[in-house]
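Each chain, written out:
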Amino acid sequence: MTPNELLKVALKAADGKLATDIEVLDIHELTTIADYFVICNGNSATQIRAIAEEVELKCKEAGEMPLSTEGYQASSWVLLDFGSVVVHIFRKEMREFYSIERLWNEAPRLDVKALLGE
């Protein structure tokens, strides 16, 4: 599966569980750690876990297993690392605190609606 295909699977899964403020950063020209960061919010610990579980399930069904997962216990920031795609699922206040978009401000933002086929 290509990084772009994996990105779309992860995005659709997060969107299907009503993740909010979804952003995609194209970081492949800035680093070798991944091609894309998906960053989104959940409104509660329960929703954050549900989003993370759905992303993990849909990616597994597509043949991609996460290399690592972090944050399921606290569920204020869950990270799913699929190698080429890293998914960050935040509570709003945690996202504002860590401000990944600001740290990676040189990374182009992709059009999420276009990637979702909307």
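Residues numbered from 1 in each chain as written. Predicted model: local features only at pLDDT ≥ 70, side-chain atom pairs only at ≥ 80, totals over all residues. Heavy atoms only, no water.

Asker: Sorry if this is basic, but what is going on with unusual backbone geometry here?
Answerer: Of all residues except glycine, most have a negative phi; of all peptide bonds, most are trans. The backbone of Asp 21 sits at a positive phi, close to 50 degrees, despite the residue not being glycine. For Asp 21, the location among the structural elements is in strand S1 (residues 20-26). (Helix = DSSP H or I, 4+ residues; strand = E, 2+ residues; numbered from the N terminus.)

Asker: What exactly am I supposed to notice about the sheet that holds strand S2 (residues 36-41) here?
Answerer: Across a sheet, paired strands are connected by hydrogen bonds in the backbone, their directions being either parallel or antiparallel. Spatial strand order, S1-S2-S5-S4-S3: five strands in an open sheet with mixed pairing. In the strand order of this sheet, the two ends are held by S1 and strand S3 (68-70), each with one partner. Shown here is a sheet whose adjacent strand axes are inclined to one another by a mean of 10 degrees, direction ignored. The pairing of S3 with strand S4 (residues 77-81) spans three bridges and is classified as antiparallel. Across the sheet, Ser 68 pairs through a bridge with Asp 81, a residue of S4. Running over the sheet, helix H1 (residues 3-16) touches S1, S2 and strand S5 (85-90) and is turned about 5 degrees from S2. (Pairing = 2+ DSSP bridges. Axes fitted to C-alpha atoms, helices over the stretch in contact; angles between N-to-C directions. Contact = heavy atoms within 4.5 Å.)

Asker: Just to check I follow, could you spell out the packing of H1 against helix H2 (residues 45-61) for this structure?
Answerer: Think of two packed helices as two axes; the pair is described by the angle between the axes and how far apart they sit. Relative orientation of the contacting elements H1 and H2 amounts to 145 degrees, with a least axis distance of 8 Å. You can see that H1 and H2 cross each other, and the crossing is right-handed. Contacts between H1 and H2 pair Leu 6, Val 9, Ala 10, Ala 13 and Ala 14 from the former with Ile 51, Glu 54, Val 55, Lys 58 and Cys 59 from the latter. Of the residues assigned to the contact of H1 with H2, the class counts are eight nonpolar, no polar and two charged. (Left-handed = near helix turned anticlockwise from the far one by under 90°. Nonpolar A, V, L, I, M, F, W, Y, C, P; charged D, E, K, R; others polar.)

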